[in-house]
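Summary of the model geometry
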Amino acid sequence: SVAPDLVRELASFSAGDKIEARHGGGRRWFPGKVGAVNDDGTYAVTYDDGDKEPAVKAEFIRGLAGGEQPKQPSRPAPRG
């Protein structure tokens, strides 16, 4: 297991960040935004479906790249 301080350091988010979180600590990830950073290192999360959680642990949150599409090469790679 990872020390809570290390998790907090590795996964630091700010209010307004687009994230995915595991609602209720479950297995599935749901899109949302960080509403606030709590003093205890948890995050208030507002999910895209309107649901809210006031104190989500950092280990149940992962960041999103802002919805950017993966970059495609400008031309196909040469064939062998």
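Note: the structure precedes this text.
First, a word on scope: everything that follows refers to the structure included in this document. (Residues numbered from 1 in each chain as written. Predicted model: local features only at pLDDT ≥ 70, side-chain atom pairs only at ≥ 80, totals over all residues. Heavy atoms only, no water.)

**Observations regarding the overall build of the protein**
Each helix and strand counted, the protein has 1 helix and 5 strands in total. Written out in order from the N terminus, the α and β elements of the protein read α-β-β-β-β-β. Counting the 80 residues in the protein, one finds 24% classified as buried. Taking contacts inside the protein between residues at least 6 apart in sequence as the whole, the part at least 24 apart equals 36%. (Helix = DSSP H or I, 4+ residues; strand = E, 2+ residues; numbered from the N terminus. Buried < 20%, exposed > 50% of the residue type's maximum accessible area, 1.4 Å probe, protein only. Contact = heavy atoms within 4.5 Å.)

**Digging into the sheet that holds strand S4 (residues 52–56)**
One open sheet accounts for 5 strands, arranged S4-S3-S2-S1-S5; its pairing is antiparallel. Two strands bound the open sheet, and with one partner strand each, they are S4 and strand S5 (61–63). Adjacent strand axes in the sheet meet at a mean angle of 40 degrees, parallel and antiparallel pairs treated alike. In terms of strand pairing, strand S2 (residues 30–37) meets strand S3 (residues 43–47) through 5 bridges, oriented antiparallel. Note on S3: the bridge partner recorded for Val-34 is Val-45. (Pairing = 2+ DSSP bridges. Axes fitted to C-alpha atoms, helices over the stretch in contact; angles between N-to-C directions.)

**Some thoughts on the side chain of Thr-42**
Structurally, Thr-42 can be placed in the loop between S2 and S3. Those residues in contact with Thr-42 that lie beyond four places of it in its chain are Ala-36, Val-37, Ala-55, Val-56 and Lys-57.

**Examining the environment of Tyr-47**
Residue placement: Tyr-47 occurs in strand S3. On a C-alpha basis, the gap between Tyr-47 and Gly-32 in space is 3.8 Å, while along the polypeptide they are 15 residues apart. Apart from residues lying up to four places away in sequence, Tyr-47 is in contact with Ala-21, Arg-22, His-23, Phe-30, Pro-31, Gly-32, Lys-52, Glu-53 and Val-56. Polar side-chain contacts of Tyr-47 include one of 2.5 Å to the side chain of Glu-53. (Polar contact = N/O pair within 3.5 Å; in protein donor to acceptor, adjacent residues only side chain to side chain.)

**Remarks on the packing of aromatic side chains**
For any pair of aromatic rings, the description rests on two quantities: the centre-to-centre distance and the angle between the ring planes. Following the criterion strictly, the structure yields 1 aromatic pair and no others. Seen from their ring centres, Phe-13 and Tyr-43 are 5.6 Å apart, and the 80 degrees between their planes marks the pair as edge-to-face. Residue Phe-13 is found in the loop between helix H1 (4–10) and strand S1 (18–21), and its partner Tyr-43 is found in strand S3; the two are separated by 30 residues along the sequence. The buried category is assigned to Phe-13, whose relative accessible area is 13%. (Phe/Tyr/Trp six-rings, centres within 6.5 Å; stacked < 30°, edge-to-face > 60°.)

**Observations concerning the nonpolar core**
Core analysis: the biggest nonpolar cluster contains 11 residues, these being Phe-13, Ile-19, Ala-21, Val-34, Tyr-43, Val-45, Tyr-47, Val-56, Ala-58, Phe-60 and Ile-61. Listing elements by their share of this core, those giving two or more residues are S1 and S3. (Core = buried A, V, L, I, M, F, W, Y, C linked by side-chain atoms within 4.5 Å.)

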